[in-house]
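Fold and geometry: a report
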Amino acid sequence: MKKPIPIGVESYKKIVDKNYYYVDKTLFIKEILDGGAQAILLTRPRRFGKTLALSMLQTFFEDERESSGDKIDNNAYFIGKKIFDCEKYRLKQGKYPVIHFTLKSAKQPNYEMAYNVLQKSISEEYGRHSYILRGSDLRPDERQRFEDIIKGNADKDDYATALAFCRDV
């Protein structure tokens, strides 16, 4: 039976789950880790797999949790892929809170609406990582700021620096 081609599918997990045809690009993870860059700019033409690559990176690096706080094991998504043969790099798997944004739908008609959508996206991403609040790694002021961002009650300057606030906890 032929594998289907994932036209328009941007989710790495969905491609693996549905057994779509996939060109293994997991060694991109090795390139990123070996490169040591603090920021990476992916410039490719439209429909060239940028979002899929970011989804794969998120699936690999993210300390993903259920709403109950239980850790989700994404190891199965990399079994049989090239990166799975590189144990040194697999030690980094599932260790980080990953903040994921896409500006694909950033077509708001004015600044105020665009700001509100971005603020909501930041709150949702913080909410996905609310398990951090269960730990004792945050100072009381950091905890309050984290909670305010999740609830959407933070000051504008808190949202403006929300991604810089995400530190290694």
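Residues numbered from 1 in each chain as written. Predicted model: local features only at pLDDT ≥ 70, side-chain atom pairs only at ≥ 80, totals over all residues. Heavy atoms only, no water.

**Things to note about the overall build of the protein chain**
Scanning the protein chain for helices and strands turns up 8 helices and 0 strands. When the helices and strands of the protein chain are placed in sequence order, the string is α-α-α-α-α-α-α-α. For the protein chain, the spread of C-alpha atoms along the three principal axes comes to 55 × 40 × 30 Å. Considering only residue pairs separated by 6 or more positions, the protein chain has 59% of its internal contacts joining residues 24 or more positions apart. Mean positive and mean negative side-chain charge positions of the protein chain (30 and 25 charges, respectively) differ by 8 Å. (Helix = DSSP H or I, 4+ residues; strand = E, 2+ residues; numbered from the N terminus. Contact = heavy atoms within 4.5 Å. Lys, Arg positive; Asp, Glu negative; His and termini not counted. Charge placed at Lys NZ, Arg CZ, Asp CG, Glu CD.)

**Comments concerning the pattern of salt bridges**
Throughout the structure, instances matching the rule amount to 10 salt bridges. One salt bridge connects Asp 63 with Arg 65, and the closest N-O pair in it is separated by 2.8 Å. Judged by relative accessible area, which is 10%, Asp 63 ranks as buried. Residue Arg 65 is classed as partly exposed on the basis of its relative accessible area of 29%. Residue Glu 125 pairs with Arg 128 through a salt bridge whose shortest N-O separation is 3.0 Å. Here Glu 125 and its partner Arg 128 are both found in helix H5 (residues 111-128), 3 residues apart, which amounts to about one turn of the helix. Members of the salt-bridge network, linked through shared partners, are Glu 62, Glu 125 and Arg 128. (Salt bridge = Lys/Arg side-chain N within 4 Å of Asp/Glu carboxyl O. Buried < 20%, exposed > 50% of the residue type's maximum accessible area, 1.4 Å probe, protein only.)

**Here we look at the confidence of the model for the protein chain**
The pLDDT averaged across the protein chain works out to 90; a share of 97% of its residues lies at or above 70. Per-element confidence in the protein chain ranges from a low mean pLDDT of 77 for helix H8 (residues 162-165) to a high of 96 for helix H1 (residues 12-17). (pLDDT = per-residue confidence, 0-100.)

**Regarding unusual backbone geometry**
Phi is positive for Asn 19, which is not a glycine, with a value near 55°. Its location among the elements puts Asn 19 in the loop between H1 and helix H2 (27-35). Unusually for a residue other than glycine, Arg 47 sits at a positive phi of about 65°. Considering the arrangement of structural elements, one finds Arg 47 in the loop between H2 and helix H3 (50-61).

**Description of the layout of surface pockets**
Its boundaries defined by the atoms lining it, the second largest pocket holds a volume of some 820 Å³. With 5 residues, H3 is the single largest residue contributor to the lining of the second largest pocket. For the lining of the second largest pocket, the class distribution of residues is 14 nonpolar, 3 polar and 7 charged. (1 Å grid on protein atoms, 1.4 Å probe; cavity = no way out; pocket = protein on both sides within 12 Å on 5 of 7 lines; lining within 4 Å. Points joined across faces, edges and corners; volume = space filled by probe spheres on them. Nonpolar A, V, L, I, M, F, W, Y, C, P; charged D, E, K, R; others polar.)

**Regarding the nonpolar core**
One broad rule of soluble globular proteins: the nonpolar side chains tend to lie buried together. Core analysis: the largest hydrophobic core is formed by 19 residues, its most contacted members being Tyr 12, Ile 29, Met 56, Leu 57, Phe 78 and Ile 83. Each residue touching Phe 78, except ones within four places of it in the same chain, is listed here: Tyr 12, Thr 26, Ile 29, Met 56, Thr 59, Phe 60, Ile 83, Phe 84 and Gln 93. Ranked by size, the runner-up nonpolar core spans 12 residues in total, among them Tyr 131, Ile 132, Leu 133 and Ala 162. (Core = buried A, V, L, I, M, F, W, Y, C linked by side-chain atoms within 4.5 Å.)

**Re the packing of aromatic side chains**
One pass over the structure, following the stated rule, counts 7 aromatic pairs. Considering the side-chain rings of Phe 60 and Phe 61, the 5.0 Å spacing of their centres and the 85° angle between planes classify their relative orientation as edge-to-face. A relative accessible area of 0% places Phe 60 in the buried class. The rings of Tyr 12, Tyr 22, Phe 60, Phe 61, Phe 78 and Tyr 96 are connected pair by pair, giving a single aromatic cluster. Of note, Arg 90 hangs over the ring of Phe 84, and the distance from its end group to the ring centre comes to 4.1 Å. A cation over an aromatic ring shows up here: Lys 156 above the ring of Tyr 115, its NZ or CZ 5.0 Å from the ring centre. (Phe/Tyr/Trp six-rings, centres within 6.5 Å; stacked < 30°, edge-to-face > 60°. Lys NZ or Arg CZ within 6 Å of the ring centre and 35° of its normal.)

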